[in-house]
Amino acid sequence: MRIGIDASNVVKGGGVTHLKEILSSFDREEFTDIESIIVFSSLKTLNLIENNNFIEKISFPEFNSNLLSRVYFQYFKYDKEIKKRCDILLSITGDYLGDFKPLVGISRNMLLFERDIWFQINSPKEILRFWLNYKKQKKCFKNSLGIIFISNYAKYYISNKLPLKEKQKKIIHHGISSRFWSKVKNQKKITDYSFEKPFKFLYVSTVHVYKHQWNVVEAISKLREMGYPVTLDLVGGVIFKSSGKKLFKMINRVDKNKEFIFFNGNVDYDYIESFYKNSDGIIYASTCENMPNILLESMSSGTPIACSNKEPMPEFLKDGGFYFDAESTVSIFNTLLSFLLSPEERYINAKKSHQNILSYNWKKTSLETFNFIKNILSHA
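Reference entry: report on the structure contained in this document. (Residues numbered from 1 in each chain as written. Predicted model: local features only at pLDDT ≥ 70, side-chain atom pairs only at ≥ 80, totals over all residues. Heavy atoms only, no water.)

With respect to burial, strand β9 (residues 230-235) is a largely interior element, six of its six residues being buried. Residues V230, L232 and L234 line one face of β9 and the alternating positions T231, D233 and V235 line the opposite face, and both faces are buried. Pairing analysis gives six bridges linking strand β8 (residues 199-204) to β9, with the strands arranged parallel. Looking at the pairing, Y203 lines up with L234 of β9. In terms of strand pairing, β9 meets strand β10 (residues 261-263) through three bridges, oriented parallel. Within β10, the position partnered with L232 by the bridge is I261. In this region the chain leaves β9, passes through helix α9 (residues 241-254) and returns to the parallel neighbour β10; the handedness of that crossover is right-handed. (Buried < 20%, exposed > 50% of the residue type's maximum accessible area, 1.4 Å probe, protein only. Helix = DSSP H or I, 4+ residues; strand = E, 2+ residues; numbered from the N terminus. Pairing = 2+ DSSP bridges. Right-handed = clockwise from strand over helix to strand, strands pointing away.)

The sheet built from seven strands is open, its strands ordered β3-β2-β1-β4-β5-β6-β7 with parallel pairing. Two strands bound the open sheet, and with one partner strand each, they are β3 (55-58) and β7 (168-171). Each adjacent strand pair in this sheet contributes to an overall mean axis angle of 20°, direction not counted. Inspection of the sheet shows strand β2 (residues 36-40) paired to β3 by four bridges, in the parallel sense. Bridging across to β3, I37 finds its partner in I55. Along the sheet, helix α1 (residues 14-24) makes contact with β1 (2-6), β2, β3 and β5 (103-106), crossing β2 at roughly 165°. Taken strand by strand, helix α4 (residues 78-85) contacts β1, β2, β3 and β4 (88-91), and its axis lies near 165° from that of β2. (Axes fitted to C-alpha atoms, helices over the stretch in contact; angles between N-to-C directions. Contact = heavy atoms within 4.5 Å.)

Let us now look at unusual backbone geometry. With an omega of 5°, the peptide bond between K101 and P102 qualifies as cis. In the segment running from E311 into P312, the intervening peptide bond is cis, with an omega of 10°. Looking at the element boundaries, P312 is found in the loop between β12 (305-308) and α12 (313-317). Backbone geometry at K258 places phi at a positive 55°, although glycine is not the residue there. Relative to the elements of secondary structure, K258 occurs in the loop between α9 and β10. Using a relative accessible area of 56% as the deciding quantity, one classes K258 as exposed. Here the phi dihedral of K318 falls at roughly 55°; this positive angle occurs in a residue that is not glycine. Counting through the fold element by element, K318 comes out in the loop between α12 and β13 (322-324).

This is the structure:
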């Protein structure tokens, strides 16, 4: 059995992590009938994958060129290359454009389906990009015999948007790196903090319309106005310019002297864990996710969490967090105030979320993924 993985559109971020982890966690003794795994991607991505005698790395000049060259190759030449080498193909980004079968697709991006976010973006260029990616995923899922979802929410939502009744579907969660694991932090009263040694909030996320950093900044400023010694670290780069402008405008309005809002921008993945370790509380205010890896990393850190009440966040955090409406500054403020005034509840919730995270590991993700692929091939 030869399993191909189409990673031709994997460049960085969660896609690279997912690819690396399911391959490094692959159980060779469990899958003795899998002769080889062939990964198709750019040289840059392939170089990030550890070498192994059962993994074959294949690249083509077009995968290392511009977008137009890559798409042309994917449409007109890619199928022939896959057929030479593979018995089944996994599209790890769920956007394979060819007609090779049997095919398994993965759903990763809810922005392709939650159209209310498109209206908030108000950028024709960005909306066109989402629409084209939506069309690619729709084609991929139409040709797929099996589809992997990474949350119950995504499975339910997308199954109501696309005709997937005849498809085999399975929920396979991503794993979480052990590097983020820490003991549950002891919690102190807010009166034990001071403006010299403040309570440190952390929000890790890129800046986009559905991340609502500006609302969080305003809520933190209101807490400061009431005399609460709190600060906020923002970690993550701006990926949508108008949202960046909105955020910086809010920061300059409420904290001209840069006393309590600290924008750190992009931080290397290897250093993010230090921010988790040094924080007293974590805020997560996104309203569009598939499986929120950052939220799960936060849960793993043993730090109490204040979180958006929009699904799928409650699906994963369950009763281990303080919830708010991320589109309402008042809601965020009220939740953070309750958060600060409830040290015992903070500790209990952090213990709950810490316990909930135990079921997520890459070994399990890899095992379930390749078992599903095998099952699809056996019924093809």
